[in-house]
Amino acid sequence: MNSMTMKWLLRREFWEHKGSMFWAQLIVAAALVLFVGGSLVYAVLVHGAPTRVMINGHVVSQGAMAAAFPMEARSEIAGIASGMYLAAGIPLFILMTATLFFYCLGALYDERRDRSILFWKSLPVSDGTTVLSKVVTALCVAPLITMGFAIVASLALLLIGAAVMASAGINLFGMLLSQPDLYLQPVRLLGMLPVYMVWALPTIGWLMLVSSWAKTKPFLWAVGVPLMVLLLAKWISMALGGFQQDALDVEWFASEVVARGIGGLLPGIWFGFSGGVPAEVHRAGGGVDTQALFTASWMTLATARAWIGALIGGAMIFGAIRLRRYRDEG
């Protein structure tokens, strides 16, 4: 595979879909900062910093409120904030999930529908290189763009919140800047990308396979067929239940086939296949231990189901490559 060809194809994929992969993320990130952070700033600019606050039914002055937060309490607040500030980017990852779903579903179908496949097949680019460029875009390019916007937007909201707290007499800037999690959080988020890639591969493979095969309505084929099979299996299981105990393992099919095949693009889905979020992730004083969350996520790659699903996803991508070669409707 020519690296220059792959780079050119990746740039082409980005520019063709920059509206959903870049501009949509930018708009949502800007909306988060403007509406959430802007509301706090607007309240302070218009009404000024609160001089009195109601706490447990008692009116507390600003000076008393500041005195009620000693250095230990401020350090604990700063620790929780620095450990969880990236949670502000959750809407961006939800948007990424929807964007990638429809991108993969239309990646090979759209080029046949608009006959642009005739142009791309006239170029000295193999079907494998073309399909793999779309897979890399879905597995790496789009998640990295989302992570970048999530980090910037979350940091902006954290600083705006700290500024509002400082206007009320509670200065947390020094405590925040001294927290290691403030700097490690983005690194940990980027380090989750390989975990996401492994668990997302079955869904990407399934959507690519449907996209290369379906002549019309790929969404119904990709989502409707698994759900119809699930309903049919449930009906058969109920019909045979009186004669044979556990005639069909419907729960296994729903989890390992339907949920894994359709929902694998959702970040964090791996905890649904590994017994849930471990208890040690939750801090005793509140918040989330992101280091434990990072470790627990990587530990899911030690399970056989993670790699079996990835191998099946790779096989479906290979099938999509073969179908694209012979699915030329021109």
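Before reading on, note that the structure itself is shown above.
Throughout what follows, the structure given in this document is the object of discussion. (Residues numbered from 1 in each chain as written. Predicted model: local features only at pLDDT ≥ 70, side-chain atom pairs only at ≥ 80, totals over all residues. Heavy atoms only, no water.)

Another point: the packing of helix 11 (residues 193-213) against helix 15 (residues 304-326). Close contact between helix 11 and helix 15 brings their axes to 7 Å; oriented N to C, the two are set at 25°. On the basis of the axis angle, helix 11 is roughly parallel to helix 15. You can see that helix 11 and helix 15 cross each other, and the crossing is left-handed. Across from Val198, Trp199, Leu201, Pro202, Gly205, Trp206, Met208, Leu209, Ser212 and Trp213 in helix 11, the residues of helix 15 making contact are Arg305, Ala306, Trp307, Gly309, Ala310, Gly313, Gly314, Met316, Ile317, Gly319, Ala320 and Leu323. Residue composition of the contact of helix 11 with helix 15, by class: 15 nonpolar, 6 polar and 1 charged. (Axes fitted to C-alpha atoms, helices over the stretch in contact; angles between N-to-C directions. Helix = DSSP H or I, 4+ residues; strand = E, 2+ residues; numbered from the N terminus. Parallel < 35°, antiparallel > 145°, perpendicular 65-115°, else oblique. Left-handed = near helix turned anticlockwise from the far one by under 90°. Contact = heavy atoms within 4.5 Å. Nonpolar A, V, L, I, M, F, W, Y, C, P; charged D, E, K, R; others polar.)

Let us now look at the layout of surface pockets. Roughly 850 Å³ of internal volume is contained in the largest pocket. Lining the largest pocket are 28 residues, with Ile90, Phe93, Leu189, Met192 and Leu293 positioned closest to its centre. The set of elements that each furnish at least two residues to the lining of the largest pocket consists of helix 4 (71-84), helix 5 (90-106), helix 8 (127-167), helix 10 (180-191) and helix 14 (290-299). Tallied by class, residues from the lining of the largest pocket come to 21 nonpolar, 6 polar and 1 charged. Each pocket or cavity is described by its volume, and for the second largest pocket that value is around 400 Å³. Together, 18 residues line the second largest pocket, and Glu256, Val257, Arg260, Gly261 and Ile312 are the ones closest to its centre. At the level of secondary structure, the elements contributing two or more residues to the lining of the second largest pocket comprise helix 11, helix 12 (218-240), helix 13 (250-263) and helix 15. Sort the elements by how many residues they give to the lining of the second largest pocket and helix 13 lands first, with 8 residues. Residues that form the lining of the second largest pocket fall into these classes: 13 nonpolar, 2 polar and 3 charged. (1 Å grid on protein atoms, 1.4 Å probe; cavity = no way out; pocket = protein on both sides within 12 Å on 5 of 7 lines; lining within 4 Å. Points joined across faces, edges and corners; volume = space filled by probe spheres on them.)

The next thing to look at is the environment of Ser154. Residue position: Ser154 is located in helix 8. Distance from Ser154 to Ala87, taken between C-alpha atoms, is 7.5 Å for residues 67 residues apart in sequence. Once residues lying within four places of it in the same chain are set aside, the contact partners of Ser154 are Tyr85, Leu86, Ala88 and Gly89.

Judged by nonpolar contacts, the single largest core of 62 residues is most densely connected at Ile204, Met208 and Leu265. Going through the elements one at a time, helix 2 (18-47), helix 5, helix 8, helix 9 (173-177), helix 10, helix 11, helix 12 and helix 15 are the ones with two or more residues in this core. It is helix 8 that provides the largest number of residues to this core, a total of 13 residues. Residues in contact with Leu265, not counting those within four places in the same chain, are Met96, Thr97, Leu100, Phe101, Tyr196, Ala200, Thr203, Ile204 and Leu207. Among the nonpolar cores identified, the runner-up in size contains 5 residues, and Leu230, Ala233, Val250 and Val258 belong to it. (Core = buried A, V, L, I, M, F, W, Y, C linked by side-chain atoms within 4.5 Å. Buried < 20%, exposed > 50% of the residue type's maximum accessible area, 1.4 Å probe, protein only.)

All told, the structure shown has 1 cavity of 30 Å³ or more when counted by the stated rule. Taken as a whole, the largest cavity holds about 40 Å³ of empty space. Lining the largest cavity are Ser20, Met21, Gln25, Met96, Thr99, Leu100, Ala142 and Thr146. Elements that contribute at least two residues to the lining of the largest cavity include exactly helix 2, helix 5 and helix 8. Taken together, the residues of the lining of the largest cavity sort by class into 4 nonpolar, 4 polar and no charged.

Together, Trp213, Trp221, Val225 and Val229 give the surface a local cluster of nonpolar side chains, amounting to about 330 Å² of exposed area. With 3 residues, the top contributor of residues to the nonpolar patch is helix 12. By the secondary structure assignment, Trp221 is in helix 12. (Patch = residues over 30% accessible without salt bridge, like charges linked within 9 Å, V, L, I, M, F, W, Y side chains within 5 Å. Areas by Shrake-Rupley, 256 points an atom, 1.4 Å probe, with all protein chains shown as cover. Salt bridge = Lys/Arg side-chain N within 4 Å of Asp/Glu carboxyl O.)

To continue, consider the side chain of Ser133. By secondary structure assignment, the location of Ser133 is in helix 8. With a relative accessible area of 0%, Ser133 lands in the buried category. Setting aside residues no more than four positions away along its own chain, Ser133 makes contact with Met6, Leu9, Leu10 and Glu13.

Moving on to the packing of aromatic side chains. Following the criterion strictly, the structure yields 11 aromatic pairs and no others. Both rings, one in Phe14 and one in Trp15, keep their centres 5.4 Å apart while their planes meet at 75°; by these two values the pair is edge-to-face. Judged by its relative accessible area of 21%, Phe14 is partly exposed. Classification of Trp15 as exposed rests on a relative accessible area of 54%. Through a chain of ring-to-ring contacts, three or more aromatic side chains come together here, namely Phe14, Trp15, Phe22, Trp23 and Phe149. In this arrangement the basic side chain of Arg260 is found over the ring face of Phe273, its NZ or CZ atom lying 5.7 Å from the centre. (Phe/Tyr/Trp six-rings, centres within 6.5 Å; stacked < 30°, edge-to-face > 60°. Lys NZ or Arg CZ within 6 Å of the ring centre and 35° of its normal.)

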